[in-house]
Amino acid sequence: MIEVQDIRKSFKTPVVKEGRFSGIRTLFSREYRIKEAVRGISFKVDRGEFVGYIGPNGAGKSTTIKMLSGILHPSSGEVIIGGMNPHRERRAVVKRLGVVFGQRSQLWWDLPVRDSFDILAKMYAVDEADKLQRLGQFTELLDLQAFWETPVRKLSLGQRMRADLAAAMLHDPDVLFLDEPTIGLDVNAKRNIRHFLKLINEEFGKTILLTTHDMDDIEQLCSRVMVINEGRLSYDGTVRSLRDSIGLPTLITVTFRGPFQIPAPYLAADEDSAQARIRVTRVLDQSVTIEANRREMNTLEIVKELGKWGELDDIEMQDPDFEDVIHKVY
Ligand SMILES: Nc1ncnc2c1ncn2[C@@H]1O[C@H](COP(=O)(O)OP(=O)(O)OP(=O)(O)O)[C@@H](O)[C@H]1O
């Protein structure tokens, strides 16, 4: 559905002059700085995938999304969406794309929400019956009715984001590019947006590329995640294997039914010994909490080992916090 072949994007910006009349001198300066925002990225996204596209500030995420949606022209490389090039066949591609930039609305600021939808329906040549059918669906899913007649500038951020998402879906695109759709939202509003995104991916089969700084978005929505760092992809795979590859310890708390005995080497966790693959971090009555690295020992091995210490009654696992995993990747 999306094919990206070695895309690059450099920005040329004038070097800012210091001192008196700096503005005017910068304007007429011939000195430029080249910023390589995207430095050769390739990937494919299949129909129906929900892919997270993450990276630190300034990594090149928005620049990539802008190249994919045809807003920016790559300095080199090629983008193909649904078999078409977004620059050469802009009109046809735009019909198959929905784009949401969380920081900026595509709705008309001073007009009631309803009017923006009327304009968009005309722009995308959505016929009246389809428009009404989709609006009915979105109104129900995103509760648009409450602010249907309100000018966009008076909407809360959560309402505005719901309206923007519905607007991006009005022409029934196959592919959605979402750049920070949950930015600045409270817990409840985020949950509503995530619920909607999950639904349109799973029930309506939309292919979604999601940029976000909220790792809960990624964990709850994406099966696959791509990490961009300084303009290059540094990871492309499942969220699960990203966790595992980073090798942060999993916390496991076991409760023993009767007496139990922790072998001495596990308590005196010596980093170099083989036993250090399991480290006891807390003992409280019948429960023992250990840290183990699942890159070194799989779950079954860990449980087998713990079973030698006493009769197991209960076991609880806590994966490393995804924020911590990502912190290591960045
Ligand atoms: N129009 C532009 N002119 C010059 N430099 C630009 C332009 N757009 C982006 N850049 C630079 O390119 C780099 C990548 O920017 P981009 O907005 O793609 O990052 P990002 O990963 O989306 O960051 P963030 O998470 O902060 O939104 C940054 O150094 C940015 O300053």
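Everything discussed here concerns the structure shown above.
Figured I'd write up the structure that's included with this text. (Residues numbered from 1 in each chain as written. Predicted model: local features only at pLDDT ≥ 70, side-chain atom pairs only at ≥ 80, totals over all residues. Heavy atoms only, no water.)

What about the packing of helix α9 (residues 239–246) against helix α12 (residues 322–329)?
So the rule is basically this: Note on geometry: axes are C-alpha line fits, over the in-contact stretch for helices, and angles between N-to-C directions span 0 to 180 degrees. Per the convention used, a helix needs a DSSP run of H or I reaching at least four residues, while a strand needs a run of E reaching at least two, with both numbered from the N terminus. By the definition adopted for this analysis, an angle is roughly parallel if under 35 degrees, roughly antiparallel if over 145, roughly perpendicular if from 65 to 115, and oblique otherwise. Left-handed is the label given to a crossing in which the near helix is rotated counterclockwise from the far helix by less than a right angle, and right-handed is the label when the rotation is clockwise. Contact definition: two residues touch when any of their heavy atoms are within 4.5 Å. Side-chain classes follow a simple rule in which Ala, Val, Leu, Ile, Met, Phe, Trp, Tyr, Cys and Pro form the nonpolar group, Asp, Glu, Lys and Arg form the charged group, and the remainder, Gly included, forms the polar group.
As a packed pair, α9 and α12 sit with axes 10 Å apart at the nearest point and diverge in direction by 70°. With respect to each other, α9 and α12 are oriented roughly perpendicular. For the crossing formed where α9 meets α12, the hand is left-handed. Here α9 contributes Val239, Leu242, Arg243 and Ile246 to the contact with α12, which in turn contributes Phe322, Val325, Ile326, Lys328 and Val329. Its residues assigned to classes, the contact of α9 with α12 comprises seven nonpolar, no polar and two charged.

What to know about the nonpolar core
Going by this rule: Note on terminology: a nonpolar core comprises buried Ala, Val, Leu, Ile, Met, Phe, Trp, Tyr and Cys residues joined through side-chain atoms within 4.5 Å. Burial status follows relative accessibility: with a 1.4 Å probe on protein chains alone, a residue under 20% of its type maximum counts as buried, one over 50% as exposed, and anything between as partly exposed. An automatic or database domain assignment supplies the start and end points of every domain.
One finds Phe117, Leu197 and Leu242 to be the most contacted residues of the largest nonpolar core, which totals 51 residues. With seven residues, the single largest contributor to this core is helix α6 (residues 157–169). Counting the residues that make up this core, at least three belong to each of domain 1 (2–7 + 42–244) and domain 2 (249–329). Once residues lying within four places of it in the same chain are set aside, the contact partners of Leu242 are Val225, Tyr235, Phe322, Val325, Ile326 and Val329. Ranked by size, the runner-up nonpolar core spans 26 residues in total, among them Ile2, Val79, Phe177 and Leu209.

Considerations on the pattern of salt bridges
What counts is decided by this rule: By definition, a salt bridge exists where a carboxyl oxygen of Asp or Glu is found within 4 Å of a side-chain nitrogen of Lys or Arg.
What the rule picks out here adds up to 22 salt bridges. Measuring nitrogen to oxygen at the nearest pair gives 2.7 Å for the salt bridge that ties Asp118 to Lys131. In this pair, Asp118 sits in helix α4 (residues 113–123) while Lys131 sits in helix α5 (residues 128–142), placing the two residues 13 residues apart along the sequence. Judged by its relative accessible area of 9%, Lys131 is buried. For Arg279, the salt bridge identified is with Glu291, shortest N-O distance 3.6 Å. Pair noted here: Arg279 is in strand β11 (residues 278–284) and Glu291 is in strand β12 (residues 287–292), with a separation of 12 residues, a long-range link. On the basis of relative accessibility, which here comes to 22%, the residue Glu291 falls in the partly exposed class. Overlapping salt bridges, with partners in common, bring together Asp130, Arg134, Asp172 and Lys206 in one network.

What to know about empty space enclosed by the protein
Short version of the rule: Every definition here rests on a 1 Å grid over the protein atoms only: cavities are sets of points where a 1.4 Å probe fits but cannot get out, pockets are open sets enclosed by protein on both sides within 12 Å along at least five of seven lines, and lining residues have some atom within 4 Å of a point. Grid points are joined across faces, edges and corners, and a volume is the space filled by probe spheres set on the points.
All chains considered together, the criterion is met by one cavity of 30 Å³ or more. There is about 60 Å³ of room inside the largest cavity. Taken together, Arg240, Arg243, Asp244, Gly247, Leu248, Thr250, Asn293, Arg294, Arg295, Asp319 and Pro320 make up the lining of the largest cavity. In terms of residue count, the dominant contributor to the lining of the largest cavity is α9 (three residues). Split by residue class, the lining of the largest cavity holds two nonpolar, three polar and six charged. Each of domain 1 (2–7 + 42–244) and domain 2 (249–329) gives at least three residues to the lining of the largest cavity.

Describing helix α2 (residues 61–68)
Taking burial as the measure, the eight residues of α2 include six buried ones, the bulk of the element. Along α2, the residues that are buried comprise Lys61, Thr63, Thr64, Ile65, Met67 and Leu68. Looking one or two residues beyond α2, the residue adopting positive phi is Gly70, at roughly 85°.

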